[in-house]
Amino acid sequence: MCAPRNGLTRPIHWVPSRSRTTAHHLLKPTSEPTCYPPGGAAVTAHPVTHPDSQPVVHPVDEKLPALKMATTGLQHVAAMYAGVVAPPLIVGAAIGLSGTELTFLTGACLFTAGLATFLQTLGIWKIGARLPFVNGVTFAGVAPMTAIVASTEGKSDALPIIFGAVMVAGLLGFIAAPFFSKAIRFFPPVVTGTVITLIGVSLLPVAFGWAQGPNPAAHDYGSTRFLGLAGLTLLIVLLLRRFTTGFVKQIAVLLGLVVGTLVAIPFGVTDFGPVTDADVVGFPTPFHFGAPQFQLAAIVSMIVVMVVSMTESTADMLALGEIVERPADERTIAAGLRADTLGSALSPLFNGFMCSAFAQNIGLVAMTRIRSRFVVATGGGFLVLMGLCPMAASLIAVVPRPVLGGAGVVLFGSVAASGIQTLVRAGLDKDNNVLIVAVSLAVGIVPITAPDFYHAFPETVRIVLDSGISTGCVAAVVLNLLFNHLGRQRDAQDVTHPMEAGEEIAAAH
């Protein structure tokens, strides 16, 4: 117990660590309170140490053996690869890039995703959340970027205009990060649990789309062959998680992807063409597509995307902080948003797009319980190597979409399950909280269940409305303020304190 200067006692709180990556169940401090002996100077309480007097290492800061670091880092890359390459493929196709230029653009996005992941996991100065957070190209920017392409007369100018807008939005976001992070006070468990659940639910349709095949326009899209491969991959992951232990259990998703890919070969679903056609070495030359151009309309649309991205990243950091048992405070969120925005501002230099946190990797952390940020940093290293070696990048591209879909069901469902766990701790026995969760989930699910619900709204507004995570997050914050904050002081004043009531009665007599 510590005695502050005012004479009140202040306990030192310790909570047990449930890390499965260490040999012992150790204790970790939730804080380092300052003790004030009577009449003495301040003394800082120190964390518990090992018997050999070495300080306890939080699982987030733990460095695993090299082989385990490499395989689990590659598992993170496999989980997010499709999400990174999809935006450049879509935007590049809209511009009409050649196969060579499209490969270059995709490699550039992989390279910049790796750099942004380094910023987020390892951190420099006040930049980086230093959590197991993967960064990559945000899908929220696809619609406005394709709109910019459609409105540009010369298609060769489309990418320079996009790059200029992303740079400006990134720099403005970097400046606004510390102010934006103060919104953490508006994210109690009832809000964070709702948002985490929405993240998982919003990602599940992506997995279902992957499970149906690579091309929605193909005649065999959603065929039993594709769905069977997805189901087989899901079954393999579940069996490995159920009947294996230790390291094999932790890389069950990666093994499921490998086995699913091998099984897909006889069915003609696995395509090795990307490997044979790719170059061995290729560096993303700065401003390969031309110097950035700055147009006001494009800049405004990218600023809107940046706000959406920062909102989603804040929710993702809160979710990941709960999962790894290192809650994200205001300082952590500010540092994480700086990494997001700085990564976005620098990405166009190497021909990449706006970067943001990848929610699907949160599901992988939740499922494997491997919480080391250095594992994710290793994954960032693989992304950089893939950007520098197109042939290496193409190896991940070999994994069929249905196989990715089967593994995605487990990953994204784990995120939703984590949100439900948070909601259980939020106090759903209170009617106000039940109402907050009910309405916020309904608002957030609208873009999933009715994609054309907001079709009459302007395109710039739809950037926000079509993101169920953003709309659900805003709804939860507003409803929480309305039901749990506004008017509470007035309501408290309307209720007379029992002692005051007794004094008034005595005075009346």
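Note that this is a predicted model, so its numbers are computed, not measured.

A.B. asks: Describe the overall build of the protein, and please don't skip the residues or the numbers.
C.D. replies: If you tally the helices and strands in the protein, you get 20 helices and six strands. Burial status across the protein gives 51% buried among its 509 residues. Excluding contacts between residues fewer than 6 apart, the proportion of contacts in the protein whose partners are at least 24 apart in sequence is 78%. Accessible surface computed for the protein: about 23,300 Å², of which carbon and sulfur atoms make up 66%.

A.B. asks: Describe in detail helix H16 (residues 431-449), supporting the description with residues and values.
C.D. replies: Here H16 spans 26 Å end to end across 19 residues, near enough to the 27 Å set by a 1.5 Å rise per residue. When H16 is considered as a whole, its buried residues turn out to be Asn 433, Ile 436, Val 437, Ser 440, Gly 444, Val 446 and Pro 447.

A.B. asks: So what's going on with the packing of aromatic side chains? Which residues, and what values?
C.D. replies: Under the criterion given, the structure shown has five aromatic pairs. With centroids separated by 5.8 Å and ring planes inclined at 70°, the aromatic side chains of Phe 104 and Phe 289 adopt a geometry described as edge-to-face. Placement of the pair is Phe 104 in helix H2 (residues 99-121) and Phe 289 in the loop between helix H9 (273-277) and helix H10 (296-323), with a sequence separation of 185 residues. The same class applies to Phe 104 as to Phe 289, namely buried. Seen in terms of ring centroids, Tyr 454 and Phe 457 are 5.7 Å apart; in terms of plane orientation they differ by 75°. Their pairing is edge-to-face. Grouped by ring-pair contacts, the aromatic residues Phe 453, Tyr 454 and Phe 457 constitute a single cluster.

A.B. asks: Tell me what's going on with the side chain of His 76, and back it up with residues and numbers.
C.D. replies: Structurally, His 76 is set in helix H1 (residues 66-95). You can call His 76 buried: its relative accessible area is 4%.

A.B. asks: Quick one: what's the story with the packing of helix H4 (residues 158-180) against helix H11 (residues 330-346), residue by residue and with numbers?
C.D. replies: Two numbers describe how H4 lies on H11: the axes approach to 7 Å, and their chain directions differ by 170°. Put simply, H4 runs roughly antiparallel to H11. Along the contact surface, H4 presents Val 166, Met 167, Gly 170, Leu 171, Gly 173, Phe 174, Ala 177, Pro 178 and Phe 180, while H11 presents Ala 334, Leu 337, Arg 338, Thr 341, Leu 342, Ser 344 and Ala 345. Here the residues of the contact of H4 with H11 are counted per class, giving eleven nonpolar, four polar and one charged.

A.B. asks: Can you explain unusual backbone geometry? Please cite residues and give values.
C.D. replies: Here Trp 125, not a glycine, exhibits a phi torsion of approximately 55°, which is positive. Tracing the sequence through the fold places Trp 125 in the loop between H2 and strand S5 (135-137). For Trp 125, a relative accessible area of 64% puts it in the exposed group. Residues other than glycine seldom take positive phi values, yet Arg 130 does so here, at roughly 55°. Along the chain, Arg 130 turns up in the loop between H2 and S5. A residue is classified by how much of its surface remains accessible, and Arg 130, at 26% relative accessible area, is partly exposed.

A.B. asks: Give a description of the nonpolar core that names residues and reports values.
C.D. replies: With 95 residues, the main nonpolar core has Ile 162, Met 302 and Phe 353 as its most contacted residues. The contacts of Met 302, once residues within four sequence positions are left out, are Gly 141, Pro 144, Met 145, Ile 148, Ala 165, Val 166, Ala 169 and Met 354.

A.B. asks: I'd like a rundown of the confidence of the model for the protein, residues and numbers included.
C.D. replies: When pLDDT is averaged across the protein, the result is 77; 81% of the residues are at 70 or more. Per-element averaging of pLDDT across the protein places strand S2 (residues 27-29) at the bottom with 40 and helix H6 (residues 224-243) at the top with 92. Taken together, the stretch residues 1-48 has pLDDT below 50 and engages in 80 contacts with residues farther than four places along the chain or on a different chain.

A.B. asks: Give a description of the environment of Pro 88 that names residues and reports values.
C.D. replies: With respect to the helices and strands, Pro 88 occurs in helix H1. Residue class for Pro 88 comes out buried when judged on its relative accessible area of 0%. Distance in space between the C-alpha atoms of Pro 88 and Ala 108 is 9.2 Å, their sequence separation being 20 residues. Setting aside chain neighbours within four positions, we find Pro 88 in contact with Ala 93, Leu 102, Leu 105, Thr 106, Cys 109 and Phe 353.

Basis of the calculations
- As a convention, each chain's residues are numbered from 1 in the sequence order in which they are written.
- The predicted origin of the model limits local features to residues at a pLDDT of at least 70 and limits the giving and counting of side-chain atom pairs to 80 or more, whereas totals for whole chains, interfaces and linings rest on all residues.
- Values reported for side chains reflect all heavy atoms of the structure, with hydrogen atoms and water molecules removed beforehand.
- Where helices and strands are cited, they refer to DSSP runs of H or I of at least four residues and of E of at least two residues respectively, numbered from the N terminus.
- Accessible area is worked out with a 1.4 Å probe on protein chains only. A residue is then buried under 20% of its type maximum, exposed over 50%, and partly exposed in between.
- It only takes one pair of heavy atoms within 4.5 Å for two residues to be counted as in contact.
- We get accessible surface area from the Shrake-Rupley algorithm with a probe of 1.4 Å; when it comes to residues, only the shown protein chains can shield them.
- Here the expected length of a helix is defined as 1.5 Å per residue gap, with one fewer gap than residues.
- Each Phe, Tyr or Trp ring, with Trp reduced to its six-membered ring, pairs with another whose centre is within 6.5 Å; inter-plane angles below 30 degrees give stacked pairs, above 60 give edge-to-face pairs, and intermediate values give tilted ones.
- Every angle, taken between N-to-C directions, lies between 0 and 180 degrees, and every axis is a line fitted to C-alpha atoms, over only the stretch in contact when it is a helix.
- Any angle between 65 and 115 degrees counts as roughly perpendicular, while under 35 counts as roughly parallel, over 145 as roughly antiparallel, and the rest as oblique.
- Basically, the charged four are Asp, Glu, Lys and Arg, the nonpolar ten are Ala, Val, Leu, Ile, Met, Phe, Trp, Tyr, Cys and Pro, and anything else, Gly included, counts as polar.
- Residues grouped as a nonpolar core are buried Ala, Val, Leu, Ile, Met, Phe, Trp, Tyr and Cys residues, joined through side-chain atoms within 4.5 Å.
- Each residue gets a pLDDT score, which is the predictor's confidence in that residue and runs from 0 to 100.

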